[in-house]
Amino acid sequence: MLLHPLMLWLGWVIGPGAWALHLLGSYLLVSRACEAGSMWMLHATTLVTLLLSLAGVAVAWRQWGRAGRHWPGSGDGEAGRIRFMAVMGLLISALSALLVVAEGVPNFFLGPCL
């Protein structure tokens, strides 16, 4: 059950990185959206970062499947550590995807020039 450690860490990093990119990108683009009178830049940022965070979910899901898709236990040794990394990467990336959606929803109801 040899899994590449980089793939396990990608499940942890891709989702939160996409969420941070969405937060900062939206903050930087709101003034341009106000000047242009169009929200397409903010919606595109939300879509791209949501897809990135879902890619983190997919990577973590695949690694968990390769590790046996059992819930990690305390007495599993190396297999338990690998399963823990995969499951937590899945949860962290899924939470990040939820945060991106939560930050993107107000763009449908509020204007950029508030």
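These remarks concern the structure in this document. Quick caveat: nothing in here was measured; it's all calculated off a predicted structure. (Residues numbered from 1 in each chain as written. Predicted model: local features only at pLDDT ≥ 70, side-chain atom pairs only at ≥ 80, totals over all residues. Heavy atoms only, no water.)

Here the focus is the side chain of Ser53. Along the chain, Ser53 turns up in helix H2 (residues 40-66). Reaching out from Ser53, the side chain makes a polar contact with the backbone oxygen of Leu50 at a distance of 2.9 Å. (Helix = DSSP H or I, 4+ residues; strand = E, 2+ residues; numbered from the N terminus. Polar contact = N/O pair within 3.5 Å; in protein donor to acceptor, adjacent residues only side chain to side chain.)

By size, the foremost hydrophobic cluster in this structure holds 10 residues: Leu8, Val57, Ala60, Trp64, Ala67, Ile82, Met85, Ala86, Val87 and Leu90. For this core, the secondary structure elements donating two or more residues are H2 and helix H3 (78-104). Broken down by element, this core gets its largest block of residues, five residues, from H3. Apart from the residues within four sequence positions on either side, Met85 is in contact with Leu8, Trp9 and Trp12. (Core = buried A, V, L, I, M, F, W, Y, C linked by side-chain atoms within 4.5 Å. Buried < 20%, exposed > 50% of the residue type's maximum accessible area, 1.4 Å probe, protein only. Contact = heavy atoms within 4.5 Å.)

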